[in-house]
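Residue-level listing of the chains:
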Amino acid sequence: MFIDYAPLVTGTGYVSPTVMLEFGARSTGEPSESRVIRCDAAEFLDAVTFPTADPAVMRPERTFLEKATAIHVFCAQGAFRGGDRFARHWHDVTRLDAAGFADAAIADSELARAVADYKSVFFAEKNLHGEVIDYHAAVAGGLQLVPDDEALDKLAADYQQMVDDGLLLDEAEAFEALLDKCRAILAKANAIRSQK
């Protein structure tokens with residue numbers, strides 16, 4: 001289901017004024033946990049009572065592994081499947097790492113195997129040479145998080161558009177600083193996973 005809205009600003013057009021609600025069976029949603037959801041405006045409007053919700057949401061460790069393996073595919077293919085707007089994944093994995101979820105995800109070999117099993121069936125992809133991307137190898141010490149050459153230029157341009165359109169609420173870090181964080185995550189992920 002697509003919900004279109006009138007934007008307050010358009011920027012470069014990096015983000016379209018549409019929200020897509022996706023209902024399907026391509027996500028297990030597991031493991032999950034309950035999280036309280038509150039309106040961001042609630043703290044600024046004391047006179048208004050906003051509803052809250054307590055949905056079951058996919059655990060951040062699974063989200064980290066899903067995003068890390070999506071990045072791995074980009075690195076193997078050198079392109080974004082279905083267009084641009086993928087730099088957010090690199091940003092997200094660094095934030096999940098800063099919050100401690102990457103370490104927990106990397107240490108959870110059962111979850112890593114479950115993600116690799118799932119993606120091998122529902123998101124089978126091939127690299128630039130036509131070979132099937134091995135998700136199991138990726139989560140067992142062969143993960144890639146930093147692309148090479150031309151793909152790196154594509155990612156840098158995508159990241160800059162994301163920054164220019166104000167998608168990051170905080171001050172955006174330099175692209176190279178983001179990549180340095182990804183390199184650090186990569187080093188610990190591959191070192192820990194290759195030992196298991």
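These remarks concern the structure in this document. Given the structure is predicted, the values throughout are model-derived calculations rather than measurements. (Residues numbered from 1 in each chain as written. Predicted model: local features only at pLDDT ≥ 70, side-chain atom pairs only at ≥ 80, totals over all residues. Heavy atoms only, no water.)

On to helix α5 (residues 135-142), then. Of the residues making up α5, those classed as buried are Tyr135, Ala138 and Val139. Projected down its long axis, α5 carries its buried residues within an arc of 85°, all on one side. One side-chain oxygen of the residue at the start of α5 lies 2.9 Å from the amide nitrogen of His136, identifying that residue as Asp134. (Buried < 20%, exposed > 50% of the residue type's maximum accessible area, 1.4 Å probe, protein only. Helix = DSSP H or I, 4+ residues; strand = E, 2+ residues; numbered from the N terminus. Arc of directions from axis to C-beta. Polar contact = N/O pair within 3.5 Å; in protein donor to acceptor, adjacent residues only side chain to side chain.)

Here the focus is helix α4 (residues 109-122). Compared with the 20 Å implied by 1.5 Å per residue over 14 residues, the 20 Å span of α4 between its first and last C-alpha is a close match. All of the buried residues in α4 are Leu111, Ala112, Val115, Ala116, Tyr118 and Lys119. Projected onto a plane normal to the axis of α4, the buried residues spread over an arc of 170° and lie on a single side. Exposed positions of α4 whose direction lies more than 90 degrees from the buried face are Glu110 and Val121. (Expected span 1.5 Å × (residues − 1).)

Once that is clear, we can look at the packing of aromatic side chains. If you walk through the whole model with that rule in mind, you get 4 aromatic pairs. A centroid spacing of 5.3 Å and a plane angle of 90° characterise the contact between Phe74 and Trp90, whose relative ring orientation is edge-to-face. Of the two residues, Phe74 sits in helix α1 (residues 60-77) while Trp90 sits in helix α2 (residues 87-98), which places them 16 residues apart along the sequence. Taking 6.2 Å as the distance between ring centres and 55° as the angle between the ring planes, the aromatic pair formed by Tyr118 and Phe123 counts as tilted. Look at Tyr118 and you get buried, because its relative accessible area is 11%. Members of the aromatic cluster, joined through ring pairs, are Tyr118, Phe122 and Phe123. Sitting over the face of the ring of Tyr118, Arg62 holds its NZ or CZ atom 5.5 Å from the ring centroid. Residue placement shows Lys119 over the ring face of Phe123; its charged tip is 5.9 Å from the ring centre. (Phe/Tyr/Trp six-rings, centres within 6.5 Å; stacked < 30°, edge-to-face > 60°. Lys NZ or Arg CZ within 6 Å of the ring centre and 35° of its normal.)

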